[in-house]
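One-letter residues, chain by chain:
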Amino acid sequence: MPADVAQVDDVAAGPAAPDVLGGPARDLTAATIGHSTARRRWGLAGQYGVLIALALVVLLPIVFTLLQALSPPFRYLRAGKPLHPVAVDWKDRTWLSGGAASVAARTLIVAALLAWVQLRAAGGRALHPAPLASPRRIAAVVAGVVVLAVLAGRIWAASLARADSTPWWWLAAIVAVALTQYLGFADRHPGWRGWLRAGLVGVALTTFVVVAFGASVWSRGWDQGDLGSALGRSFVVSVLITVAQVVTSILAAYAFAFLRFPFKPLVFAFFMGTMLLPLEVTLLANVQTIRELGWINSNTGLVLPFAATAFGTFLIRQGFRGVPPEIQDATRLDGYGHMAFLWRFAVPLTRPVIASFTVIAALGAWNQYLWPQAVIDDSRYQTAQIRLKTIVGAELANANVGVAAALIVALPVVLLLIAFQRQIIRGLTAGAVKG
Amino acid sequence: MNRSSRRRYSPRELGLAALLLAPSIAVFVAFFYRPFLNLAYWGTFESRRNGAYFERVGLAQYREELASDDFREGLWHSVQFVLYTVPPGLILGVLLAVSAHRRLRGIKVFQAIFSSTLASSVAVTSVVFLYLFNPQVGLIATDWLNDPGMAMFAVSLSSIWQNMGLAFVIVLAGLQAVPDEVMEAATLDGYGAARRLLRITIPLISPVLLFLLVVLVIHGLQAFAQIDIITGGGPVGATETMVFKINRLNRPDNIGIGAVYSVGLFFITLAVTAMQFVILERRVHYAR
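Residues numbered from 1 in each chain as written. Chains lettered and ligands numbered in written order. Predicted model: local features only at pLDDT ≥ 70, side-chain atom pairs only at ≥ 80, totals over all residues.

1. Describing the overall build of chain A
Okay, step 1: Across its full length, chain A carries 19 helices and zero strands.
Okay, step 2: Across the 435 residues that make up chain A, the buried fraction comes to 44%.
Okay, step 3: Within chain A, contacts between residues at least 6 apart in sequence are counted, and of these 76% link residues at least 24 apart. (Helix = DSSP H or I, 4+ residues; strand = E, 2+ residues; numbered from the N terminus. Buried ≥ 20, exposed ≤ 12 C-beta atoms within 10 Å, placed from the backbone. Contact = placed C-beta atoms within 7 Å.)

Set out below in structure tokens:
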């Protein structure tokens, strides 16, 4: 089938359908160069159409959950205006209520966000950001904070009263924020592009401020689920597991990669064999062990069974094998011992692999569920993940509190994913693709 | 290795190796091998009521319990869960990755969105879907969670959504490893989009798809949190999978049966993992 027939078929079948099956970078391949721009535009629109449709499928549960967190509890749903989502009860009705620390934190967060917007969006290029120390930009940041502080209070008050003026206060806040921000970067982006950026910033910041600082559901989820202690416990346990796994894996991997000892293949098989014994299989006997040792409801019981992993040892050994033997020989001649070679050369040289494994280990430790619920029987000692079940059971009528707690528990992982996206992806795909 | 290096082991190196391996070996013995051997042994004892009464029954208990309706039911529910979650996981993974593997403006945004479900733990996802299925306020306001025929399907929807990020990331990594020239050559040869996908893309990334298949099957067999949170095993035990039943038997008076179930789960996992090794073997040959 000649290429242009395929193209015609694609267009005839509608813009969206065929591009699901399209290969990568179709618009850049040689075969499409001779085609009319109209067809290419349709192809491009189709590709974006498919991407947007798929993105909606992925995002739908997230968006719905956010809306649900911001909705009133069940019993208020049918009263009055049910789809006034954020009009539950507000803890802070003005910017200045809620204590000095809370006000200071809110102001600092908004100021930092605005400064970031001014630096990046205004400067345009990541490498050459616009200097913040220009009077226009400082004025934009300060004015943005003041506008948001004043108008967010009006939006909260109107939402609480379920007043018809609520959308107008939203509009006023968005326009006011956009105006202040346009002031800051009009010199770099004059005209409609600047206004578009300013408008997007206005929508995003207003939504963020109103939702994150206004909705009392976050603090209710936090207080009623006693999430502080659960998150603290999850944090401590995750850090301990991660550190233990990384250290034991590095040590064992070093022995396998750089030391000579008898029965090495056998010992390695002993390590890899543990992959056949997942926690689900050994659960009952491990709980018994922990019970006999008196470690029920203790951090030791949560950490110790995960203090070593075959996967980490394998991954880091692969990394160590990439260290050129010449380096080892040279360091030996220079009089470095094994430990000096390990910490000064082998570990720094395999840092990407170790970083990937560290993030994956932290992610796994934070998300644990089966083991904590088996060895914790006192709700005071629950980790965040198993606390969620308790909260959902207790707040069955308050969907907003339940999902708010779930979103709070997910937040650290979201931040981890944003900060270490590359390491996580490399770790997850370590077994899939060679290299 | 050259011959000259095959001298006797130096005692210092031996000592160091023992020292470095000791922490891992201690954990593996204490929490992997010893508990498994214990379970295999406990499976030959019948336990009653308060756990004080143990009677040695030998392999009879294995024969009896592995053939029992309860075990078969758990196995069937696990298989059901795998059947519901794995094929959609593979299809969605390919769909997302093929759509997002292009040079377009803003493609990074879409890639970030597609991998975003990685940030959601099983427990968080389960809470989200528990309310999603709520008959009063849910988006999918149905009575599925009270319908024995639909409850497992509802639970697996949460896992399908959660696995999307992982499947996308793995398939995309596979696609990125395929040289661009192969695709361009196929396009120049006049392959249409559908033929290109079925005849070239999928065969080229088949090792990655097999890897994903095994990962998804193992995840499916080990599913627990989503069932514990969304249905609690109900309605009328319709979502009690293997791991759920094992966890429920976590009491001294049931330890004998629980041990038999655990050993059963081990052999099922072993079969899947053996498949994985065969696949890895194939991948190595393929890459040559």
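2. Topic: the overall build of chain B
Okay, step 1: Per the secondary structure count, chain B includes twelve helices and two strands.
Okay, step 2: Secondary structure elements of chain B occur, N-terminal to C-terminal, as α-β-β-α-α-α-α-α-α-α-α-α-α-α.
Okay, step 3: Taken over C-alpha atoms, the radius of gyration comes to 24 Å for chain B, far larger than the 19 Å a tight globule of 288 residues would show.
Okay, step 4: With the C-alpha coordinates aligned to their principal axes, the bounding extent of chain B is approximately 75 × 75 × 30 Å.
Okay, step 5: Restricting the contact set of chain B to residue pairs at least 6 apart, pairs at least 24 apart contribute 70%. (Rg over C-alpha atoms; globule rule 2.2 N^0.38 Å.)

3. Some remarks on the interface of chain A and chain B
Okay, step 1: Chain A puts 84 residues into the contact, and the matching count from chain B is 88 residues.
Okay, step 2: It is helix α2 (residues 37-69) of chain A that contributes the most residues to the side of chain A that touches chain B, eleven residues altogether.

4. Notes on the packing of helix α17 (residues 384-394) of chain A against helix α5 (residues 122-132) of chain B
Okay, step 1: Across the interface, α17 of chain A lies against α5 of chain B with an axial gap of 9 Å and an inter-helix angle of 20°. With respect to α5 of chain B, the axis of α17 of chain A lies roughly parallel. Every pair of crossing elements has a handedness; the one defined by α17 of chain A and α5 of chain B is left-handed. Contacts from Gln385, Leu388 and Val392 of chain A of α17 of chain A reach α5 of chain B at Ala123, Val124, Val127 and Leu130 of chain B.
Okay, step 2: Taken together, the residues that form the contact of α17 of chain A with α5 of chain B break down as six nonpolar, one polar and no charged. (Axes fitted to C-alpha atoms, helices over the stretch in contact; angles between N-to-C directions. Parallel < 35°, antiparallel > 145°, perpendicular 65-115°, else oblique. Left-handed = near helix turned anticlockwise from the far one by under 90°. Nonpolar A, V, L, I, M, F, W, Y, C, P; charged D, E, K, R; others polar.)

5. Some remarks on the confidence of the model for chain A
All names here are of chain A.
Okay, step 1: Chain-level pLDDT for chain A is 80 on average; 81% of the residues reach the 70-or-more range.
Okay, step 2: Predicted confidence in chain A is weakest over helix α1 (residues 3-12), with a mean pLDDT of 38, and strongest over helix α8 (residues 227-258), with 95.
Okay, step 3: This stretch, residues 1-36, has a pLDDT under 50; its non-local contacts, to residues over four places away or in other chains, come to 64 contacts.
Okay, step 4: Note on residues 78-84: pLDDT is under 50 here. Beyond four places in sequence and across chains, it has five contacts. (pLDDT = per-residue confidence, 0-100.)

6. Focus on helix α12 (residues 310-321) of chain A
Okay, step 1: Compared with an ideal rise of 1.5 Å per residue, which puts twelve residues at 16 Å, α12 of chain A spans 16 Å between its outermost C-alpha atoms and is within 8% of the ideal.
Okay, step 2: α12 of chain A sits mainly inside the fold: ten of its twelve residues count as buried. (Expected span 1.5 Å × (residues − 1).)

7. Section: the nonpolar core
Okay, step 1: Ranked by size, the top nonpolar core spans 165 residues in total, and within it Tyr254, Leu388 and Ala406 of chain A together with Val127, Ile170, Val171 and Leu212 of chain B carry the most contacts.
Okay, step 2: Here the element with the most residues in this core is helix α6 (residues 151-176) of chain B; it accounts for 17 residues.
Okay, step 3: Counting residues in each nonpolar core, the second largest holds 26 residues, with Trp156, Phe185, Leu205 and Val210 of chain A among its members. (Core = buried A, V, L, I, M, F, W, Y, C linked by C-beta atoms within 7 Å.)

8. Describing the environment of Ala100 of chain B
Okay, step 1: Note on placement: Ala100 of chain B falls in helix α3 (residues 69-100).
Okay, step 2: For Ala100 of chain B, a count of 27 C-beta atoms within 10 Å puts it in the buried group.
Okay, step 3: Counting along the chain gives 68 residues from Ala100 of chain B to Phe168 of chain B, while the straight-line C-alpha distance between them is 9.2 Å.
Okay, step 4: In this structure, Ala100 of chain B is in contact with Leu51 of chain A together with Ile107, Phe110, Gln111, Phe114 and Leu172 of chain B, ignoring residues within four places of it in sequence.

9. A short note on unusual backbone geometry
Residues and elements named next belong to chain A.
Okay, step 1: Unlike most non-glycine residues, Phe263 shows phi in positive territory, near 60°.
Okay, step 2: Under the C-beta neighbour-count criterion, Phe263 is labelled exposed, with 9 such atoms within 10 Å.
Okay, step 3: Unlike most non-glycine residues, Asn297 shows phi in positive territory, near 65°.
Okay, step 4: Along the chain, the position of Asn297 falls in the loop between α10 (279-292) and α11 (299-303).

10. Considering helix α5 (residues 166-185) of chain A
Okay, step 1: With 20 residues, α5 of chain A extends 29 Å between its outermost C-alpha atoms, agreeing within 8% with the 28 Å of an ideal straight helix rising 1.5 Å per residue.
Okay, step 2: Every buried residue of α5 of chain A is listed here: Thr166, Trp169, Ala173, Ile174, Val177, Ala178, Thr180, Gln181, Tyr182, Gly184 and Phe185 of chain A.

11. Notes on the confidence of the model for chain B
Residue and element names in this part refer to chain B.
Okay, step 1: The predicted model of chain B averages 85 in pLDDT, with 91% of residues at 70 or higher.
Okay, step 2: This stretch, residues 284-288, has a pLDDT under 50; its non-local contacts, to residues over four places away or in other chains, come to two contacts.
Okay, step 3: Both scores are given for the predicted complex: the pTM is 0.83, the ipTM 0.89.

12. Examining the environment of Leu279 of chain A
Residues and elements named next belong to chain A.
Okay, step 1: Among the secondary structure elements, Leu279 is positioned in helix α10.
Okay, step 2: A count of 19 C-beta atoms within 10 Å places Leu279 in the partly exposed class.
Okay, step 3: Residues Leu279 and Pro305, spaced 26 residues apart in sequence, show a C-alpha to C-alpha distance of 9.2 Å.
Okay, step 4: Those residues in contact with Leu279, other than ones at most four positions away along the chain, are Leu370 and Trp371.

13. A closer look at the packing of helix α4 (residues 135-160) of chain A against helix α6 (residues 192-214) of chain A
All names here are of chain A.
Okay, step 1: It is at 10 Å that the axes of α4 and α6 come closest, and there the two elements cross at 60°. In terms of orientation, α4 and α6 fall into the oblique class. Handedness of the α4/α6 crossing: right-handed. Seen from α4, the contacting residues are Leu148, Ala152, Ile155 and Trp156; seen from α6, they are Leu205, Val209, Val210, Phe213 and Gly214.
Okay, step 2: Within the contact of α4 with α6, the residues separate by chemical class into eight nonpolar, one polar and no charged.

14. Points about the environment of Ala410 of chain A
Okay, step 1: The topology assignment puts Ala410 of chain A in helix α18 (residues 399-419).
Okay, step 2: As for Ala410 of chain A and Ala384 of chain A, which are separated by 26 residues in sequence, their C-alpha atoms are 9.7 Å apart.

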